[in-house]
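Each chain, written out:
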Amino acid sequence: MYKNGSDYIYSPSDLNAFLENESVTWLDRYNLEFPGKLIRDNPTEEDELVFKSGEEHEARILDVFRSEMDVAVIDRSEAAFHKTIAAMREGRQVIYQARLELEPFAGWSDFLIRIPGNSEFGNWQ
């Protein structure tokens, strides 16, 4: 979650956290309103292991996709959303680290995978 002017923008992770426990969302929002008043716990060794394992798994999946498909890699920049839309219009088979936005939500998708079907982008969705 972050603020864009006076608006709050929520990520998919924020939505998941809210569904699991509404208090987490309120604490995150409080932390935006009053920075430094709350102190987060440091990640445990288990947390770090899970995070590292997730990154390694994602890297392996990316390697497989790159060896078998046309992959667009989106960098985390101000232009990421526009680059994602351009890759979708080009019909790229896989988009890695796609930026998706529809206020009040915005976030990053590890992988968008093109499938057959009709959309504003062509004969795929």
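Chains are numbered independently. Their residues run from 1 in the order of the written sequence. Two thresholds apply to this predicted model, a pLDDT of at least 70 for residue-level local features and 80 or more for giving and counting side-chain atom pairs, whereas whole-chain, interface and lining totals are computed over all residues. Side-chain measures here rest on the full set of heavy atoms in the structure, leaving out hydrogens and waters.

(A) Examining unusual backbone geometry more closely. At the junction of glutamate 103 and proline 104, the peptide bond is cis and its omega measures out at 15 degrees in the coordinates. Under the scheme used here, helices are H or I runs from DSSP no shorter than 4 residues and strands are E runs no shorter than 2 residues, and both carry numbers assigned from the N terminus. Relative to the helices and strands, proline 104 is located in the loop between strand S4 (94-102) and strand S5 (105-113). Phi at glutamine 97 is positive, roughly 65 degrees, even though this residue is not glycine. Positionally, glutamine 97 belongs in strand S4.

(B) A look at the confidence of the model for the chain. The pLDDT averaged across the chain works out to 93; a share of 100% of its residues lies at or above 70. pLDDT runs from 0 to 100 and stands for how confident the predictor is about each residue. No element of the chain has a lower mean pLDDT than strand S1 (residues 2-4), at 88, and none a higher one than strand S3 (residues 71-73), at 98.

(C) Structural detail: the packing of aromatic side chains. Ring pairs are drawn from Phe, Tyr and Trp, using the six-membered ring of Trp, whenever the two centres fall within 6.5 Å, and their geometry is named by plane angle: stacked under 30 degrees, edge-to-face over 60, tilted for the rest. One pass over the structure, following the stated rule, counts four aromatic pairs. Geometrically, the ring pair formed by tyrosine 10 and phenylalanine 105 is tilted, given 6.3 Å between the ring centres and 55 degrees between the ring planes. Taken together, the residues span a long stretch of sequence, with tyrosine 10 in the loop between strand S2 (7-9) and helix H1 (12-20) and phenylalanine 105 in strand S5 at a distance of 95 residues. A relative accessible area of 38% means that phenylalanine 105 is categorised as partly exposed. Each residue in the set Phe65, Tyr96 and Phe111 is aromatic and connected to the rest through ring pairs, giving one cluster. Above the ring of tryptophan 108, the side-chain terminus of arginine 76 is found at 4.2 Å from the ring centroid. For the cation-ring pair, arginine 114 lies above tryptophan 124, with the distance from its terminal atom to the ring centre recorded as 5.9 Å. Accessible area is worked out with a 1.4 Å probe on protein chains only. A residue is then buried under 20% of its type maximum, exposed over 50%, and partly exposed in between. Placement of a positive charge over a ring is assigned whenever Lys NZ or Arg CZ falls within 6 Å of the ring centre and within 35 degrees of the normal to the ring plane.

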